[in-house]
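# Observations on chain architecture
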Amino acid sequence: MNRYTWRSLILEISLILAAVVFFIPFVILASVALRDTNGEAGFLGFTWPLNFGNFGTAWTQAAMGPSILNSLMITSVSVVLIIAVSSTAAYTLTRSTQRWSKGVFYLLLVGFIFPGQLALVPLYLAFASLGLVGSPIAVILINVAGFVPFAVFLYSVFLRDLPKDYEEAAVIDGARPLWMFKAVVFPLLRPVTGTVSILTALAIWNDFFTPLLYLSGSGTQTAPLSVYTFVSQYGANWPLVFSTLIISVIPILIAYFLMQRFIMKGFASGLK
Amino acid sequence: MTVTAPQTAGTSTRAPAQAARRRRRAMGLRPPVWFVLPAVLLYVAVVFLPNIQGLLYSFTDWDGFGTTWNWVGVANFGSVFADPNSMRAIGNTFLLTLVVTLGQNIVGLLLALGLNARIKSKYILRLVFFLPVVLTPIVAGYLWKYLLTPGGSLNSALEGMGLGFLRQDWLGDPDLVIYAICVAIIWQGAGYSMVIYLAGLQAVPAEALEAAAIDGAGAIRRTISIVIPLINGSIVVNMLLSVIGNLKQFDTVFSMTEGGPGSASETMATIVYKTAFTYLRYPNALAQGVILTVLVGVIAFVQFRLTQRKGALA
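Residues numbered from 1 in each chain as written. Chains lettered and ligands numbered in written order. Predicted model: local features only at pLDDT ≥ 70, side-chain atom pairs only at ≥ 80, totals over all residues.

With that settled, the discussion passes to the overall build of chain B. Looking only at helices and strands, chain B has 14 helices and 0 strands in total. In sequence order, the secondary structure elements of chain B are arranged as α-α-α-α-α-α-α-α-α-α-α-α-α-α. Within chain B, buried positions represent 41% of all 314 residues. (Helix = DSSP H or I, 4+ residues; strand = E, 2+ residues; numbered from the N terminus. Buried ≥ 20, exposed ≤ 12 C-beta atoms within 10 Å, placed from the backbone.)

What follows covers the overall build of chain A. A count of helical and extended segments in chain A gives 13 helices and 2 strands. For chain A, the C-alpha radius of gyration of 24 Å lies well beyond 19 Å, the compact-globule estimate for 272 residues. Projected onto the principal axes, the alpha-carbon positions of chain A cover approximately 75 × 65 × 35 Å. Each of the 272 residues in chain A was classed as buried or not, and the buried ones make up 45%. Residue pairs at least 24 apart in sequence account for 70% of intrachain contacts in chain A once pairs closer than 6 positions are excluded. (Rg over C-alpha atoms; globule rule 2.2 N^0.38 Å. Contact = placed C-beta atoms within 7 Å.)

With that out of the way, let us pick up the nonpolar core. Core analysis: the biggest nonpolar cluster contains 155 residues, and Ile82(A), Val148(A), Leu245(A) and Ile181(B) have the highest contact counts within it. With 17 residues, helix α8 (residues 177-201) of chain B is the largest single contributor of residues to this core. Taken domain by domain, this core gets at least three of its residues from each of domain 1 (6-51) and domain 2 (63-271) of chain A. Setting aside anything within four residues of it in sequence, one finds Leu245(A) in contact with Leu29(A), Val227(A), Val139(B), Tyr142(B) and Leu143(B). (Core = buried A, V, L, I, M, F, W, Y, C linked by C-beta atoms within 7 Å. Domains from an automatic or database assignment.)

With that settled, consider the packing of helix α11 (residues 223-234) of chain A against helix α12 (residues 238-258) of chain A. Residue and element names in this part refer to chain A. It is the contact of α11 with α12, at a shortest axis distance of 10 Å, that shows an interaxial angle of 180 degrees. Taken together, the axis directions place α11 and α12 in an arrangement best described as roughly antiparallel. Taken together, the residues of α12 that come into contact with α11 (itself represented by Ala223, Pro224, Ser226, Val227, Phe230, Val231 and Tyr234) are Leu240, Val241, Thr244, Leu245 and Ser248. Taken together, the residues that form the contact of α11 with α12 break down as 9 nonpolar, 3 polar and no charged. (Axes fitted to C-alpha atoms, helices over the stretch in contact; angles between N-to-C directions. Parallel < 35°, antiparallel > 145°, perpendicular 65-115°, else oblique. Nonpolar A, V, L, I, M, F, W, Y, C, P; charged D, E, K, R; others polar.)

What follows is about the interface of chain A and chain B. Contact with chain A, which involves 75 residues of that partner, is made by 69 residues of chain B. Among the elements that make up the side of chain A that touches chain B, the one with the highest residue count is helix α1 (residues 6-33) of chain A (13 residues). Among the residues forming the side of chain A that touches chain B, the class breakdown is 57 nonpolar, 12 polar and 6 charged.

Residue and element names in this part refer to chain B. For Val133, the position within the fold is in helix α5 (residues 122-134). For Val133 and Thr275, which are 142 residues apart along the polypeptide, the C-alpha to C-alpha distance reads 30 Å. Those residues within four positions of Val133 in sequence are excluded, and the remaining contacts are Gln188, Gly191 and Tyr192.

Another point: the domain arrangement of chain A. All names here are of chain A. Along its sequence, chain A is carved into domain 1 (6-51) and domain 2 (63-271). Computed from C-alpha coordinates alone, the two centres of domain 1 and domain 2 are separated by 35 Å. If you look at the interface, domain 1 gives 4 residues, while domain 2 gives 6 residues. Here the side of domain 1 that touches domain 2 is built from residues that sort into 3 nonpolar, no polar and 1 charged.

It is worth spelling out the confidence of the model for chain B at this point. All names here are of chain B. Averaged over all residues, the pLDDT of chain B is 84; the fraction at 70 or higher stands at 89%. Here helix α1 (residues 15-27) stands out as the least confident element of chain B, with mean pLDDT 53; helix α4 (residues 84-116) is the most confident, with 94. Across residues 1-13, where pLDDT falls below 50, the model places 5 contacts with residues more than four positions away in sequence or in other chains. (pLDDT = per-residue confidence, 0-100.)

Quick look at the packing of helix α6 (residues 136-160) of chain A against helix α9 (residues 190-206) of chain A now. Residue and element names in this part refer to chain A. Running from N to C, α6 and α9 cross one another at 155 degrees; their axes reach a closest spacing of 10 Å. Between α6 and α9, the interaxial angle falls into the category roughly antiparallel. Here α6 runs over α9; the crossing is right-handed. On α9, the residues that touch Asn143, Phe147, Ala151, Leu154, Tyr155 and Phe158 of α6 are Val192, Thr195, Val196, Thr200 and Ile204. (Left-handed = near helix turned anticlockwise from the far one by under 90°.)

Residue and element names in this part refer to chain B. Positive phi values are uncommon outside glycine, yet Glu258 reaches one of about 55 degrees. When you line up the elements, Glu258 lands in the loop between α12 (251-256) and α13 (268-277). Look at Glu258 and you get partly exposed, because 15 C-beta atoms sit within 10 Å. Phi is positive for Leu280, which is not a glycine, with a value near 55 degrees. Within the secondary structure layout, Leu280 lies in the loop between α13 and α14 (282-313). The exposed category is assigned to Leu280, around which 12 C-beta atoms lie within 10 Å.

Helical periodicity: at 3.6 residues per turn, an α-helix aligns residues three or four positions apart in one direction. Residues and elements named next belong to chain B. Look at α5: 19 Å from first C-alpha to last across 13 residues, which is about the 18 Å you get at 1.5 Å a residue. For α5, the principal kink sits at Val128 and spans about 25 degrees; a proline, Pro132, occurs within the next four residues. Regarding α5, the residues found buried are Leu125, Arg126, Phe129, Phe130, Pro132, Val133 and Val134. (Expected span 1.5 Å × (residues − 1). Bend = angle between axes of the 7 residues up to and from the residue.)

Once that is clear, we can look at the confidence of the model for chain A. Taken residue by residue, chain A gives an average pLDDT of 85. The fraction at 70 or more is 92%. Taken element by element, the predicted model of chain A shows its lowest mean pLDDT in strand β1 (residues 40-41) of chain A (58) and its highest in helix α3 (residues 64-95) of chain A (94).

Now for the environment of Ala276(B). Along the chain, Ala276(B) turns up in helix α13. Each C-alpha atom, one on Ala276(B) and one on Phe130(B), is 35 Å from the other, the two residues being 146 residues apart in sequence. Those residues in contact with Ala276(B), other than ones at most four positions away along the chain, are Leu120(A), Val121(A), Tyr282(B) and Ala285(B).

Let us look at α1(A). Taking 1.5 Å per residue, 28 residues should reach 40 Å; α1(A) reaches 40 Å between its end C-alpha atoms and fits that length. Of all the bends in α1(A), the greatest reaches close to 35 degrees and is centred on Phe23(A); the proline Pro25(A) follows between one and four positions later. Looking at α1(A), one finds that the buried residues are Leu15(A), Phe22(A), Pro25(A), Ile28(A), Leu29(A), Val32(A) and Ala33(A). Here the buried face of α1(A) lies against α2 (53-61) and α12 of chain A together with α4, α5, α6 (137-148) and α7 (153-160) of chain B.

In structure tokens:
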């Protein structure tokens, strides 16, 4: 059954056809973004010559540059904080033999159930009273707190199987807890840290709801938010809209192609 | 107790240090309590308490601004259940979750089974199927909105293939719109399910399949009787993620239709947002939020219990 038979060939051809169907929307995305209204209609809706001018117009009119920088800043700060607070918390919660640690762990797990919409109004009003509506700090705090249950859970699963020998040796040699965590435990956690950072970075970069609520109308826009604002204004101009869409996903596509191997692994191992 | 080194004696210079080490070893690891504080404080302040607050306020007439409020019992829930738009949103949310969970898992499993076989182009194909996953959901939403407009690509393609009679106003027809949105979500999520299934398939031993093949079991038979039971864990994880994710579905729906036409594609998540920030009816939005939370909680709990029972039997 390990030979390449005519069955394998049929399977391969049908999978390639499925891949073509999956890929068509991307082709159309490119063809509309490159459309020239005066151009000659050609294959698959592409016009000739290709018009790259839409990208320039989209870049300036949708102010994509600053939005992408904001998205990068919000995503990286959030991910670093998620890793810092969750890895340490998970460490104490899994290594502590005290009864309260189990209770705290369950308290965090309850966070998986909340859909976010229930806390919408109270949280918004709380941030409003602190004057943080319109500030990326609100979005970062919500991201970090929202992903703590998920990250602590993934770290705990990994920590439970991690032998304690190194830690005990370090403690016997008189290492302070924080130093011991940084020098001994955290490096051993690298695989989960990879999974956590990839999954949370993707979700935070793509998140639309929280920025829509806290940043729309403010000076700080994220990439998805800029796309939304721009589309509501220029809804009919599809070439311009699609150029904006492409620009907004370029950073994440670059990241994806650079880290493809790790991303696949991260998805699979973290969710198994 | 009697074994403890005589610390006060001080006859040997090594004794106190050794005793201290022994004591530390006896206590084992003492992970610092303050390690837990940043995560827990943040979580309690930003996630836990606001949710509890929302839960309590849903039983009051608090308007979101005033300093006064009265308990009104379940009146807010009564008006949500009496509101046809809210009921439609609940129905749509269930329908969308059911269709997407089934569709995404069937497509994802078929793709994973195909890619797990001996084929030459598996790496490039895996990349193509996974590409929609990394796309921002609202970008995917706008892309599909364009494909499905009356003069859009899908209708032109149908026309071109001589299937013009199948032309539809996919997003304008109240009976079709929710299914059109489901197709877009399945397109985006199938690669996600596929990767989890591929990981599960790594654990299926080749010997079992070879033995079955020798016994005369065909490819389909082998898949149903051996592979599917062995990847039970991946199926459960995939189902749980799809169900919970889609009960809260907002981005794709909002970018494709904003819940329209009328309330034909409204989901729980879009209607909570609109009730709170467009219609400014906070008590009703909170009641809708509670209903959504209870739905997610109950379904997640039931699924979790079923999983545990299955795991116990296996």
